[in-house]
Amino acid sequence: MGLLSKKDSKLILDPLADNNPITIQVLGICSALAITAELEASIVMSISVLFVLGVGNVIISLIRNIIPSKIRIIVQLIVVAALVIIVDLVLKAFAYELSKTLSVFVGLIITNCIIMGRFEAFALGNGPWRSFLDGIGNAFGYGVILIIVGFFRELLGSGTLLGFPILGDPIEKTGLYAFGYENNGFMLLSPMALIVVGLIIWVQRSKNKALIED
Amino acid sequence: MEHVELFFKSIFIDNMVFATFLGMCSYLAVSKKVSTAVGLGAAVIFVLAITVPLNWLLDQYLLQPGALSWLGPEYAEYDLSFLSFIMFIATIATMVQLVEIVVEKFSPSLYNSLGIFLPLIAVNCAILGGSLFMQSREIASLGLAATYGIGSGIGWFLAILAIAAIREKIRYSNVPGPLRGLGITFIITGLMAIGFMSFGGMLTGGDEAVEEEQKTVEVVTEVDEDKKLADVSEIEKEADNTTKVVE
């Protein structure tokens, strides 16, 4: 990492595992669970959050000294809302079907706790470049979990990835289906998102005992 | 009748936490004790009941395509709906501040019990989600919007109350180390959500009944009441089941 000092690369790498926004900090779960039935939606959601969090952190960090602390929450909300409107309009213009699937959850990026959490905890006290790295890192940490959940739910629930059938054809009985394999439609229902995240937390904490709560 | 239907629908079938995962952050963070959960739940009902009708008015007279026609025919073609996120969140944030000031002035005891939670609520996804769903489901009148706000608030309240009670009990169970705390809470919430899915069939008969006599509709709502009572015992049962599973 020639470009980044050790401290800076830590900002990006930490949220990927040991300080993950979803499984450790418990932020941003609201929008994370509802849209993970398909891998494609998860990826688009991650990219949207990446954009909003990266740019938002820089903006907040640039104006951090002129925001009166009493109304800072309203100022932050307005900044995020403006960025989310951009995301929403871009999605509507270039991926209309997908923006229908995501429905109100694009709008809910505004109140995604990761964003407010990082503004409060990091961007208000650090310079623009470090805030940008922190935003990118946390958005990646969020995206990783979203993509893992989306991957398993789409693979086990409908036997496809990004819409391509990879386990064979369930009607023609090819591939795995020839051996009597059935799709688990249960994985597509919303409660399974919670249970899959619960299992991810289980795996992660068994690997790193320091994270176990008492 | 529409009101009763929407009310029960927003509590049970479209439950904020179990069906759409709104407000999960505070749901997980503040559900360690029943008393704090009740405080936050009450604050959510309160704020939703105010902001959803208010945002309905905004949507109807400012944001929708053609909403500005009350200003004059030349304004009828304006479509400001792309501004709805920013307008809704600004309304919510200012309302929360306003409610905080008013409550502090007139009822210090209520302020002490709600006080810490009110600022938190401005960034609760459930509040903005309530307004966005109100917009996307095209709720027809101001009264219905208020019913929807109160109903979904009560649904959220029920959910956080149930999980807080379960978490208080589960402290005495022997949960595997890595699952302790957050992990098991996720899984319990998942199981509860599966339980709540059974309410899905609750109002499906209602649509035909509306066209028939008023009486049938009344019977339907009586059944709703029963189910509401049954719900409490179901949650308790669920708590027992999960503890057994864990054991």
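None of the values given here were measured: they were computed from a predicted structure.

Q: Help me understand unusual backbone geometry in this model?
A: Note: most residues except glycine have negative phi, and most peptide bonds are trans. Residues and elements named next belong to chain B. For phenylalanine 21, which is not glycine, the phi dihedral falls at a positive 55°. Inspection of the secondary structure puts phenylalanine 21 in the loop between helix H2 (16-20) and helix H3 (24-29). With a phi angle near 50°, glutamate 138 is a residue other than glycine that sits in the positive phi range. Among the structural elements, glutamate 138 can be located in the loop between helix H8 (125-136) and helix H9 (142-170).

Q: How should I be thinking about the UniProt feature "transmembrane region" (unreviewed entry) in chain B in this particular structure?
A: Residue and element names in this part refer to chain B. The feature "transmembrane region" (unreviewed entry), as annotated in UniProt, sits at residues 6-30, 37-58, 78-103, 110-133, 139-166 and 178-199 in this numbering. Structurally, residues 78-103 comprises 77% helix and 0% strand, and the distance from its first C-alpha atom to its last is 38 Å. Overall, residues 139-166 shows 89% helix and 0% strand. The separation of its end C-alpha atoms is 34 Å.

Q: Can you help me understand the nonpolar core in this one?
A: General note: in soluble globular proteins, nonpolar side chains tend to be found buried as a group. Ranked by internal contacts, the top residues of the largest apolar core, which has 122 residues, are Leu33 of chain A together with Met24, Tyr27, Trp156 and Phe186 of chain B. In terms of residues, this core owes the most to one element, H9 of chain B, which gives 11 residues. Here tryptophan 156 of chain B is in contact with Met16, Val17, Leu22, Gly23, Ser26, Tyr27, Leu40, Gly41, Val44, Asn124 and Ala126 of chain B, once residues within four sequence places are set aside. The next biggest cluster of nonpolar side chains, apart from the first, holds 5 residues, and it includes Leu39, Leu155, Leu161 and Tyr177 of chain A.

Q: Quick question: what am I supposed to make of the environment of alanine 121 of chain A here?
A: All names here are of chain A. With respect to the secondary-structure elements, alanine 121 resides in helix H7 (residues 113-121). Given a relative accessible area of 56%, alanine 121 falls into the exposed group. Distance in space between the C-alpha atoms of alanine 121 and lysine 10 is 16 Å, their sequence separation being 111 residues.

Q: What exactly am I supposed to notice about helix H4 (residues 72-94) of chain A here?
A: For an α-helix the count is 3.6 residues per turn, leaving residues at separations of three or four pointing the same way. For H4 of chain A, with 23 residues, the first-to-last C-alpha span of 33 Å sits near the 33 Å given by 1.5 Å per residue. Taken as a whole, H4 of chain A has its buried residues at Gln76, Leu77, Val79, Val80, Ala81, Leu83, Val84, Ile85, Val87, Asp88 and Leu91 of chain A. Taken together, the buried residues of H4 of chain A touch helix H3 (39-62), helix H5 (96-102), helix H6 (104-107) and H7 of chain A together with helix H5 (84-106) of chain B.

Q: Just to check I follow, could you spell out the confidence of the model for chain A for this structure?
A: Segments scoring low in pLDDT should not have their predicted coordinates read at a detailed level. On average, residues of chain A score 82 in pLDDT, and 97% of them reach the 70 mark or higher. Looking at the elements of chain A, mean pLDDT is at its lowest for helix H2 (residues 29-34) of chain A, recorded as 74, and at its highest for H3 of chain A, recorded as 89.

Q: How do you make sense of the packing of aromatic side chains when you look at a structure like this?
A: Two measures describe an aromatic ring pair: the distance that separates the ring centres and the angle between the ring planes. All names here are of chain B. Within the structure shown, the criterion is met by 8 aromatic pairs over all chains. For the pair phenylalanine 196 and phenylalanine 199, a centre-to-centre distance of 5.3 Å together with 65° between the ring planes defines the contact as edge-to-face. Here phenylalanine 196 falls in the buried class, since its relative accessible area comes to 6%. Counting every residue linked through ring pairs, the aromatic cluster contains Phe12, Phe18, Phe196 and Phe199. Across the ring face of phenylalanine 133, the terminal group of arginine 137 is positioned such that the distance to the ring centre comes to 4.4 Å.

What counts, and at which threshold
- Residues numbered from 1 in each chain as written.
- Chains lettered and ligands numbered in written order.
- Predicted model: local features only at pLDDT ≥ 70, side-chain atom pairs only at ≥ 80, totals over all residues.
- Heavy atoms only, no water.
- Helix = DSSP H or I, 4+ residues; strand = E, 2+ residues; numbered from the N terminus.
- UniProt positions renumbered as here; feature names shortened; annotations may be inferred.
- Core = buried A, V, L, I, M, F, W, Y, C linked by side-chain atoms within 4.5 Å.
- Buried < 20%, exposed > 50% of the residue type's maximum accessible area, 1.4 Å probe, protein only.
- Contact = heavy atoms within 4.5 Å.
- Expected span 1.5 Å × (residues − 1).
- pLDDT = per-residue confidence, 0-100.
- Phe/Tyr/Trp six-rings, centres within 6.5 Å; stacked < 30°, edge-to-face > 60°.
- Lys NZ or Arg CZ within 6 Å of the ring centre and 35° of its normal.

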